[in-house]
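Observations on the model geometry
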Amino acid sequence: MLEQRHDAATRERFGATEVSARSLAPDLARGAMLLLIALGNAHLFLYQHRPVGLHAYPIPESTAERLAVLIPITFFDGRELPLFAFLFGYGAVQLSRRHTREGADQHTVRSLIRWRGWCMILIGFLHAVLLFGGDIIGAYGLVAVALAGVLVRTSDRKLLIAAGLGMVPIGAVAAWSYASRPHGQEYYLPSLQSLAATGWLRGVGGRLSDWLTFGIPTALFLAAPPVLLGAWAARRRILDEPERHRRLLLRVTVIGLGLGYLGGLPLAVQAASLPLNWSPSTSMDLAGVAHTVTGYAGAVGYAALAGLLAIRFRDRPGRVVTALAACGQRSMTCYILQSVVFVGVLASYGGGLGNRLGLLSTAVLAIATWALSVVVAEAMSRRGYRGPAEVLLRRLTYRRFRTPNLP
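Residues numbered from 1 in each chain as written. Predicted model: local features only at pLDDT ≥ 70, side-chain atom pairs only at ≥ 80, totals over all residues. Heavy atoms only, no water.

**Let's talk about empty space enclosed by the protein**
Going through the model one piece at a time under the given rule, you end up with two cavities of 30 Å³ or more. Estimated volume of the largest cavity: approximately 70 Å³. Lining the largest cavity are L39, A42, H43, Y57, A68, P72, L359, T362, A363 and A366. For the lining of the largest cavity, the element with the highest residue contribution is helix α13 (residues 359-382), accounting for four residues. Looking at side-chain class alone, the lining of the largest cavity contains eight nonpolar, two polar and no charged residues. (1 Å grid on protein atoms, 1.4 Å probe; cavity = no way out; pocket = protein on both sides within 12 Å on 5 of 7 lines; lining within 4 Å. Points joined across faces, edges and corners; volume = space filled by probe spheres on them. Helix = DSSP H or I, 4+ residues; strand = E, 2+ residues; numbered from the N terminus. Nonpolar A, V, L, I, M, F, W, Y, C, P; charged D, E, K, R; others polar.)

**Focus on the pattern of salt bridges**
One pass over the full model with this rule turns up eight salt bridges. Notably, a salt bridge pairs D240 with R97, separated by 4.0 Å at the nearest N-O pair. Residue D240 is located in the loop between α8 (204-235) and α9 (246-271), and its partner R97 is located in helix α4 (residues 80-101); the two are separated by 143 residues in the primary sequence. For D240, a relative accessible area of 9% translates into the label buried. (Salt bridge = Lys/Arg side-chain N within 4 Å of Asp/Glu carboxyl O. Buried < 20%, exposed > 50% of the residue type's maximum accessible area, 1.4 Å probe, protein only.)

**Focus on the side chain of T253**
Following the sequence through the fold, T253 ends up in helix α9. Each residue touching T253, except ones within four places of it in the same chain, is listed here: G258, G301, A304, L305 and L308. (Contact = heavy atoms within 4.5 Å.)

**Details of the packing of aromatic side chains**
Summed over the entire model, instances satisfying the criterion amount to nine aromatic pairs. Taking the centre distance of 4.7 Å and the plane angle of 70 degrees together, the rings of F75 and Y261 count as edge-to-face. One end of the pair, F75, is in helix α3 (residues 63-75); the other, Y261, is in helix α9, and 186 residues separate them in sequence. These aromatic residues form a ring-pair network of at least three members: F75, F76, Y261 and Y302. Geometry around F313 places R312 over its ring, the cationic atom sitting 4.8 Å from the centre. (Phe/Tyr/Trp six-rings, centres within 6.5 Å; stacked < 30°, edge-to-face > 60°. Lys NZ or Arg CZ within 6 Å of the ring centre and 35° of its normal.)

**Considering the side chain of E378**
Relative to the helices and strands, E378 is located in helix α13. A residue is classified by how much of its surface remains accessible, and E378, at 13% relative accessible area, is buried. Not counting residues within four places of it along the chain, the set of residues in contact with E378 comprises T322, A323 and A326.

**Some thoughts on the packing of helix α2 (residues 24-41) against helix α11 (residues 318-329)**
In contact at an axis separation of 7 Å, α2 and α11 are set at 85 degrees when each is read in the N-to-C sense. Here α11 runs roughly perpendicular to α2, going by the angle between their axes. Residues L24, D27, L28, R30, G31, A32 and L34 of α2 form the contact with α11, whose participating residues are V321, L324, A325, C327, G328 and Q329. Broken down by class, the residue content of the contact of α2 with α11 amounts to eight nonpolar, three polar and two charged. (Axes fitted to C-alpha atoms, helices over the stretch in contact; angles between N-to-C directions. Parallel < 35°, antiparallel > 145°, perpendicular 65-115°, else oblique.)

Next comes the structure, spelled out in structure tokens:
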């Protein structure tokens with residue numbers, strides 16, 4: 001009851017959606033997605049002098065470390081960004097639908113989405129400068145700025161066509177990236193060198209450079225197809241009304257996760273330095289492309305799985321599902337909280353353990369950090385509080401758009 005009163009007051013002032021009116025499946029997917037993000041980011045805070053291999057993972061030196069590389073690359077790595085993008089596109093259409101229902105015209109809704117994107121860019125900039133140069137909030141804000149008109153006005157058929165065509169350059173760039181690597185060297189993403197800076201202030205320039213030259217361009221390039229697909233799914237209310245789409249969700253879950261896992265395994269095997277019997281150069285090129293492309297199938301599979309779980313637990317969600325949904329409702333806050341913990345524990349100007357911990361210990365830290373964020377989110381939900389990052393975004397967004405056409 002307290003949370004409902006708090007949400008009603010917030011809605012009156014900032015146009016936010018009451019928690020009781022939110023769809024379970026997208027929030028559940030966002031809460032689980034943060035685990036994928038934690039596992040995908042934690043190793044980037046390691047800065048010890050070790051050979052770096054695929055996707056910025058240090059070359060594993062033990063069986064435990066091989067598992068700490070094999071499992072994330074197979075199941076999580078390269079799936080979290082498309083999943084985030086899919087849910088971002090889904091949420092943009094939900095926002096558009098809600099304000100249109102309240103009487104806003106298309107021009108106002110399009111401007112609202114675009115302005116909200118600019119606000120996300122500002123929050124992403126602050127996150128990058130203060131904590132983590134690999135921020136993705138700003139990139140998705142830029143997607144909102146660029147695609148606001150497309151998300152509001154484009155037909156369903158064109159959304160699907162654009163999403164499919166958008167995968168072509170992604171596959172081509174992945175093939176070029178792996179094929180063009182220097183012979184005899186592993187292909188890897190740029191590591192975030194600012195984390196090894198001797199002081200927080202000295203690392204500001206490096207973090208900003210990381211964000212502008214790597215974080216923003218990479219996420220922006222990879223995000224467009226799943227954002228468009230998420231918008232298409234939202235127009236059909238696939239996750240809002242999962243019971244009506246049970247058969248589709250089941251098929252997408254099985255096919256999407258199956259392709260995602262099978263496509264991720266070959267690259268994971270090589271990244272984990274497991275013995276192979278085929279040509280390392282050719283196989284890595286093919287494995288890299290397969291990992292990249294099938295990552296999108298895996299991401300959509302995870303979203304569909306959240307829809308199936310929402311059907312199962314909607315009437316009696318239980319404490320775990322409720323906590324995950326609370327985390328998803330505060331996904332931006334929980335995402336930034338991960339950076340706070342990783343900097344505080346691993347960065348050279350924080351706890352400094354990034355020069356000591358191995359891959360397995362870092363993976364455990366990632367899981368523990370995600371679990372902490374779930375507990376914090378559930379505690380905030382019980383007390384009727386939204387996440388501070390979400391409150392900031394709503395204040396920045398709706399302060400400009402408090403018009404008669406908006407709630």
